[in-house]
Every structure is written in structure tokens, then in C-alpha cells.
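The residues making up each chain are set out below.
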Amino acid sequence: MAWAVLALLAGPALAQTEPLTLRATPLLAEDVPDNAKPPTVVYGERITGRTGLESVIEGQAELRQPGRVAFGDKLVYDETTDIATVTGGVRVNAEGDRYTATSGQLKLDAMEGFLLQPTYRFLATGAHGASERIDMLDRDRSRVWQGTYTTCERYGDGADWRPDWLLRADRMELDREDDEGRAYGAVLEFKGVPILPLPAMSFPLGEQRKSGWLPPTMGLDNKSGLDLSVPYYWNIAPNRDATVTPGIMSRRGANVQGEFRYMEAGYQGRVNANWMPNDNLRDGRNRWGYFVRHNGTLDTGIGAIGGLGVGLNLNRVSDNDYWRDFNRRGVMLTTRLLANDGTLSWGRGDFSFTARALQWQTLQDVNAPILPPYDRLPQLVARWGRLNDRGFDYSVVGDFTRFRADPLLTKQVNADRAFVQAQVARPFTRPWGFFTPKLQLHATQYNFDGPLADGSTSASRMLPTLSLDSGLVFERDARYFGRAFRQTLEPRLMYVYTPYRDQSRLPVYDTGAYDFNFATIWAENAFAGNDRIVDNNLVTGGLTTRLLDPETGAEAVRLAVAQRYRFSGQQVVMPGGTPTTPGWSDLMLGASINWTPQWGLDTVLQYNLDTRTSTRTTVQARYSPGPYRTVSMAYRHQRDLNSESVDVGWQWPLSQRAGRRGELGSTARASGGSCGRSDWYSVGRLNYDLHGRQLTEGLLGIEYDAGCWIGRLVVEKLHSSLTSSTKRILFQIEFVGLSRLGSDPLSRLRNSIPRYRYLRDDVTPPSRFTDYE
């Protein structure tokens, strides 16, 4: 077949006989060149016309500009007006967005014109539809008349096919520059049934944020009743936004929430606030809460000082019952201790300084009161440290803290405490092992606001600590179950000595006993904090072996054992504690197995040699054979606390049609589609108390992925006190590429189920060359 080619450039020439020159490029540019008069190339079987006036291309006519191509049976190009008229089998590809029509007219340089009886498909979202007419206002904006919009894909040739969901509108305005669509006189249909009339709405054409009303969210629980809210999102700037959410709870009343987020060059943060006037379930009280997070630097303007680090963590609520009634508002209230914490920090070279103010709000429960912690008003900390100074490591930490609390609640006097901890170490390290002698000195001074039981108003303490830590590393090549490994054998031995000082009369302000585990068994002090320094004369021994992949270094197996031997008993204990006798500690046994990426097992056993029973047992197993398939289980037993529980979490498909996620065509990939198949997924998290024989926390749900929409139904039970629990029902339907309706269970699923994956994981934005023609 003979082809004629016409290149229409900025000049008046009808054709250019010289061939186009091709130049090598490592990458095709995604962005179309910004050229006021881009070159235009046309092809066809026959070309006729008048030089400088008109060109007529017939027979498989094709017109190309950078980023755009138009096809038709016949194309008439008027050079005087720069208008191309296309008729018969019209197809247009504009930077990956595709259109078909019976006829159309385009002004090429401005990309203005219209298409009649068009269909369209958008690259970024995979959405498509049809209309009576599209007016192209410029390269980025168009107007659709009597149009439809959906991301559901047609599979098969059934004449009665209709999309599961469809947005119909009298008029739609599509703005590529802002990645936003606006519909007027619209109605949303689901399964052929109109479910939501929308006089005016906006929807995304890409991933960029936009201001406007978000879909309403709904929830239902046994205390607040129906919870309905309608968020408004304000895209203030690329680095700032805000969301205001008015709502109503059927049993409590109206409320409003707000969130403001910001990210600047030197700081970032978030502010959440909630307000409910006249709570009907709390005697008409006003309920409120605010939660502030801020981190950044502050320029002092003084060259010798430079910048200061600033951190704020502020949390305040109106009353003791707030955590129980609004445990999903603003931030998750998983504790009844709310910190109001501000810090200023500075550092240069080997020296750093921190000033801190910390005040607690304690939410009390008459059935389970807790002891409020001490406020620190203020805490001043200075640190100096130097590593590998002629082989030595040095550090000095000085701390001054004013501890303040209500003495009627704490049963202790307030105090000012200052301490200095200095240490020097000389590490000897080799590829085959290490030896580190270290000497510490801890000096503390207390000044009390009132007299202690013995009448004293001050106290001091000075204690040295000597530790000798050593270890060896042996390696060999090994082979187990047909796999090659690099096997290690790592013995470790550590001696610690701290003399005894009677500290029983000292109050406790910030100190607690460490949990006994593989990390703390090597600690030089058995207490976290600085009100107790344990007396030690002990040696700790341990042995670890690992199986490592010789190519990647990934750890397939780790087995460890550790135990302490006390030459003298521990006399320094927490108030109410019992001194220990000389001899062996419990034996710590641990194993971690990750033989394949799909399987994982971690277990820790604390075994008492005297009673020949396990003091504490933890077993955690995981099976994750692929995306959206994960099961995890944990068994925990603490004999001393009379606690035993089983925790199970999962995400697993219940049914799956042909085609695996990830094996998608370009359009489905853009929209997150699933090749027309429908999937049922079960999700859940159950924490069962074997001793109390009750479900302490439960979450059960089901997800249905129909390709262009996702349905979620989740039932949740969460204990809000020792005697009561909150039960909630969360339902959501997501119209992929448009919006979500209902409540939002996604955050609960992500936070509760280990390795849970959202059914629409982020994908790489499609290239405009994906559907290149």
C-alpha cells in the first residue's frame, strides 16, 4: 500500500522532502516539550490540498504532535485556522488518555475543539465512559456533556453488560492540571440502582490532593450509637493541609473534629482537636481533647550557638472518661497516662544539652486506680562523650530534675535530684572477638521538700561499677537439609561488680525493674531509672549460633542460651521487693527460624532450674506465602503474673477467580483492577485470655474485591475497662478511582493485623507510552 507523508511545521511549506533525523536517547521523556508551535506530522493513503491553505488526508489518516495522535478515515487540515476536522472511526490519544468518536474537530496548537458521540479512557485511573459530546477547552481541560464515568472493566462481549458502579452526570469538567474532575447533576448507581444523588461533586483524576467535601463516614457501636460525620479537606499548600469533620452521634449529640498538618524546611508537625458540647450520656458535659506533635529546629541567630532542636508532644482531654468514650478520636488513646512534653536540645561536637518539661494527665478509673507518675518541671541534661580517643571511650552525663506530684496520691515527698554518671571503657575488638573493660561512677544528690521518715531532708549516694565484657566468634561452612550455610558459634562472658549501698529509704521517682529477657540479662543495672543502683557480684554467660546465607548474609536460624550466676545475693530491691540469694538465675533459651521468607518462628523460654518449670514462655509463628496471605500466632505465658493468652491475626483469601494480582494489563494496573475476577478475603485479630476465659480484644472482618469496587465489613470488640467493652460495626464500600462511602476500617486493620496489606497497594504511575499508538 502506498503511503503519503506530510510534515506540517511552523512555516508555510506543504511538505518537507528531507527525511527526519533520529537521535539516540536513553529515556523517552514523560513530559511533553513546552513548545508554542510544536511540529505536526500527518500520514495517509492519499494527500491532496493547496499549499499554505488546506490539506486533505484520506485513507487511514493519522496526525501526530508531541504527546498526541489522532486517527480517522478522513482528515482535513486548515492551515489558516490551524483546525483539523476528522471524520469516520475517530481515535485520539492525548498523553495516554484515549478517545473514540464519530467525528471531531481540533485546533492543534491550542488543543481546542470537540468530539461527537465519544468514548474515553483516562490513563492515570483507568476510568472510562461515554457521552454525547466532549469540548476540549485546552490541553489540560475538557467538558463532557451527558457523560458517564466508571473504573469497571468490560470482559467478554455480552450485550447486556453493565458496570457494577457508574457515575452519570449532566456535565463533567475534567482538569488534568489539577488532577480533578467535577460533576454536576450527577447520580451514583450501584448494581444498576441509583444510591446517591449528587447535585455537585468532585473526584480525583490522579493521586494529587484537592480541597473539598469528602464522602461521609458512618460507624455503629453499642455506646455512642450511630456515628455519622462528613469531613471537609482543605489543601492549603503542598506542605500544609487541614481537615474539619463535623458529625453527630445518635446517643451523645453533635461534635466536630479538626486536624492540621504542616511540613516546612526546618520543622513539621500535626495538631488534632475534638469538641463535643453537651454530651447526652455524660450529664450534658462539654467534652474536648487536643493532641499536638511538633519537631524541628529553631534558629537562634547567634553564630556560636546555632540552631536549637524543638519538640512538643501535648495531649490533654476534658475528663477521666474521655479515653473510654472516644478512643478513636484524634489519636489512639491506648493509655490512661497523657504526656505534655516539651524539649529544647542543642549539640555541637562532643557536647549536647537538653532542657525538658514534662507534665502528666492521669485518667483515673474508680475500679482500677493507677499511681500518677511524677512531673519533671524541669529536667536539664548535659552530655559529653568521645569515642576511640587513643583507643578509649569516655562519656559523662549530668542530670538535674525537679520531681513534682500530689503527695496525697504518691505517698512520697517531692524532691530535686541531681546525678552525674561518668564512665571510661577500653574496647579491644578483632574480627574473631572482643574484650571491653569498663568503669562507671554514679553520684546522686537528693534535696527533699519535706522530711523523710528518719527526719532527713537530703540524701546522697555514690557507687562505682566495674564490668568486663568479652566474646568470641567462630565460623565454618556447613550444610543442612541440602542448603549451604555459614555457621557461627559465639560464646560471650560478662562480669559485673557494684558494691552494696543501702537505698531503702530513698523514694522512687522514675525507676522500675527491668523485664528479664535476652537484652536485659547483659545489663549492668537491673533497674531503669536512677533511684536504685543494684548491687552486683555476678557473671553472665551465653552462647549463640547462627546459620547465615553465604551469599546474602540473611539469617536463617538463630539459637541462643544465657544465664547468670550471682556470687552474692541481690539486696537492693524496689519497695516491697524481696532480696535474692546467691546462685543461678533462670535459664534463658531462645530460637528464631526464618528458613524461607514465607515461614517465621520466634520463641523465648525462661526456665527455672529449681522448680523445673517455665517462668515465662513466648512462641510466635508467622506464615506469609504471598501478597494478601498472612497468618500469625502468638502464645504468651507468665507464671508469676498468672497470665496466659493466645493471639491470632490473619489476612487470607476465601475464594479467588482466575488471574493473580499483579498480572494485570496496563489499564487494570492503573486503576488497581483485578482482571475482572472477584475475591473474598477474611481478616481478623483475636486475643484470648486463657486464664480468664474471655476474649480481651477481637476484630473479625471480610473484604470483597470486585475489581472496580471493594466492600469491607468489620466487627470489633475492645475492652474499655475491666468490666465493660466497646463493640463496633464498621462498613465501607470503595468505588475504585472515585471515592469511599461508610466508615473507615483500614486503619484498624493495618494497626491490628501483622503484615496486613491494603488491597489497593500503591503502584507505579503508568507511563504515557503504556498505550502508545
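Please read these numbers as outputs of a predicted model, since none were measured by experiment.

### Here we look at the overall build of the protein chain
Then, in step 1: If you tally the helices and strands in the protein chain, you get four helices and 49 strands.
Then, in step 2: Put simply, the protein chain has 773 residues, and 42% of those count as buried.
Then, in step 3: Contacts spanning at least 24 positions in sequence make up 50% of the contacts within the protein chain whose residues lie at least 6 apart.
Then, in step 4: Roughly 40100 Å² of accessible area belongs to the protein chain as shown, and the carbon and sulfur atoms make up 57% of that amount.

### What about the pairing of strand E44 (residues 643-655)?
Then, in step 1: Note: strand E43 (residues 629-638) against E44, nine bridges, orientation antiparallel. Bridge pairing in E44 links valine 631 to tryptophan 650.
Then, in step 2: Here E43 hands over to E44 after four residues, with asparagine 642 in that stretch at a positive phi of 55°.
Then, in step 3: Note that E44 and strand E45 (residues 679-689) share 10 bridges and pair antiparallel. Following the sheet pairing, glycine 649 is matched in E45 by arginine 685.

### Overview of the state of the cysteines
Then, in step 1: Across all of its chains, the model carries one disulfide by this definition.
Then, in step 2: Between the sulfur atoms of cysteine 152 and its disulfide partner cysteine 708 the distance amounts to 1.9 Å. The sign of the 70° torsion about the S-S bond sets the cysteine 152-cysteine 708 disulfide as right-handed. Note that cysteine 152 is positioned in the loop between strand E12 (141-149) and strand E13 (165-175) and cysteine 708 in the loop between strand E46 (694-705) and strand E47 (709-719), a separation of 556 residues in sequence. Grouping residues by exposure puts cysteine 152 and cysteine 708 together as buried.

### Let's talk about the nonpolar core
Then, in step 1: By size, the foremost hydrophobic cluster in this structure holds 46 residues, and its most contacted members are Tyr149, Trp165, Leu167 and Phe203.
Then, in step 2: If you look at the next biggest cluster of nonpolar residues, it comprises 10 residues, including Ala415, Phe448, Leu506 and Tyr509.

### Brief notes about the packing of aromatic side chains
The geometry of an aromatic ring pair comes down to the distance between the two centres and the angle between the two planes.
Then, in step 1: Following the criterion strictly, the structure yields 28 aromatic pairs and no others.
Then, in step 2: Ring geometry for phenylalanine 190 against phenylalanine 735: centres 5.8 Å apart, planes inclined by 75°, an arrangement best described as edge-to-face. Remark: phenylalanine 735 occurs in strand E48 (residues 725-735) and phenylalanine 190 occurs in strand E14 (residues 180-190); sequence separation between them is 545 residues. For the pair shown, phenylalanine 190 and phenylalanine 735 are each scored as buried.
Then, in step 3: These aromatic residues form a ring-pair network of at least three members: Trp165, Phe190, Trp680, Tyr704, Trp709 and Phe735.
Then, in step 4: Over the ring of tryptophan 595 we find arginine 483; its NZ or CZ atom is 5.0 Å from the centre of that ring.

### Here we look at the confidence of the model for the protein chain
When pLDDT is low, close inspection of the predicted coordinates is not appropriate.
Then, in step 1: Confidence along the protein chain averages 85 in pLDDT terms, with 87% of residues attaining 70 or more.
Then, in step 2: Per-residue pLDDT stays below 50 along residues 1-17; that stretch engages in 43 contacts with residues further than four places along the chain or on separate chains.
Then, in step 3: Throughout residues 658-677 the model reports pLDDT below 50, and contacts reaching past four residues in sequence, or to other chains, amount to 49 contacts.

### Focus: the side chain of threonine 520
Then, in step 1: Position of threonine 520 relative to the elements: it lies in the loop between strand E35 (512-513) and strand E36 (527-528).
Then, in step 2: Note on threonine 520: relative accessible area 16%, which makes it buried.
Then, in step 3: A distance of 2.5 Å separates a polar atom in the side chain of threonine 520 from the backbone oxygen of aspartate 515.
Then, in step 4: Discounting residues that sit within four places of it in the chain, threonine 520 has contacts with Tyr514, Asp515 and Arg564.

### With respect to unusual backbone geometry
Then, in step 1: Of note, the amide linkage connecting leucine 377 to proline 378 takes the cis form, showing an omega dihedral of 0°.
Then, in step 2: Mapped onto the secondary structure, proline 378 falls in strand E27 (residues 375-389).
Then, in step 3: Positive phi outside glycine occurs at asparagine 388, with the angle close to 55°.
Then, in step 4: Relative to the helices and strands, asparagine 388 resides in strand E27.
Then, in step 5: The phi dihedral of arginine 693 falls on the positive side, at around 55°, and the residue is not glycine.
Then, in step 6: Of note, arginine 693 is situated in the loop between E45 and E46.

### Description of the pairing of strand E24 (residues 307-317)
Remember that side chains alternate between the two faces of the sheet whenever the strand is regular.
Then, in step 1: In this sheet, E24 lies alongside strand E23 (residues 285-299) in antiparallel orientation, the contact comprising 11 bridges. Among the inter-strand pairings, asparagine 295 is bridged to a residue of E24, identified as glycine 311.
Then, in step 2: In the sheet, E24 pairs with strand E25 (residues 337-348) via five bridges, with the strands oriented antiparallel. Bridge pairing links valine 310 to leucine 344 in E25.

### Details of the environment of leucine 363
Then, in step 1: Here leucine 363 is to be found in the loop between strand E26 (351-362) and E27.
Then, in step 2: Along the chain, leucine 363 and leucine 338 lie 25 residues apart, while their C-alpha atoms are 7.9 Å from each other.

### Examining the environment of glycine 307
Then, in step 1: Its location among the elements puts glycine 307 in strand E24.
Then, in step 2: Distance from glycine 307 to glycine 296, taken between C-alpha atoms, is 9.8 Å for residues 11 residues apart in sequence.
Then, in step 3: Excluding residues within four positions of it along the chain, glycine 307 makes contact with Leu298, Asp299 and Trp346.

### Let's talk about the pattern of salt bridges
Then, in step 1: Inspection of every chain in the model, using the stated rule, returns 50 salt bridges.
Then, in step 2: When the shortest N-O distance is used, the salt bridge between arginine 182 and glutamate 180 registers 3.4 Å.
Then, in step 3: For arginine 182, a relative accessible area of 22% translates into the label partly exposed.
Then, in step 4: On the accessibility criterion, glutamate 180 (13% relative accessible area) is buried.

### Some remarks on the side chain of histidine 128
Then, in step 1: As for its position among the elements, histidine 128 is in strand E10 (residues 128-130).
Then, in step 2: For histidine 128, the side chain forms a polar contact with the main-chain oxygen of cysteine 152, separated by 2.4 Å.
Then, in step 3: When neighbours within four sequence positions are excluded, histidine 128 is seen to be in contact with Tyr120, Arg121, Thr148, Tyr149, Thr150, Thr151, Cys152 and Glu153.

### Quick notes on the environment of alanine 84
Then, in step 1: Topologically, alanine 84 is positioned in strand E6 (residues 83-94).
Then, in step 2: Here alanine 84 falls in the buried class, since its relative accessible area comes to 3%.
Then, in step 3: Distance in space between the C-alpha atoms of alanine 84 and lysine 107 is 6.2 Å, their sequence separation being 23 residues.

Conventions used here
Residues numbered from 1 in each chain as written. Predicted model: local features only at pLDDT ≥ 70, side-chain atom pairs only at ≥ 80, totals over all residues. Heavy atoms only, no water. Helix = DSSP H or I, 4+ residues; strand = E, 2+ residues; numbered from the N terminus. Buried < 20%, exposed > 50% of the residue type's maximum accessible area, 1.4 Å probe, protein only. Contact = heavy atoms within 4.5 Å. Areas by Shrake-Rupley, 256 points an atom, 1.4 Å probe, with all protein chains shown as cover. Pairing = 2+ DSSP bridges. Disulfide = S-S within 2.5 Å. Core = buried A, V, L, I, M, F, W, Y, C linked by side-chain atoms within 4.5 Å. Phe/Tyr/Trp six-rings, centres within 6.5 Å; stacked < 30°, edge-to-face > 60°. Lys NZ or Arg CZ within 6 Å of the ring centre and 35° of its normal. pLDDT = per-residue confidence, 0-100. Polar contact = N/O pair within 3.5 Å; in protein donor to acceptor, adjacent residues only side chain to side chain. Salt bridge = Lys/Arg side-chain N within 4 Å of Asp/Glu carboxyl O.

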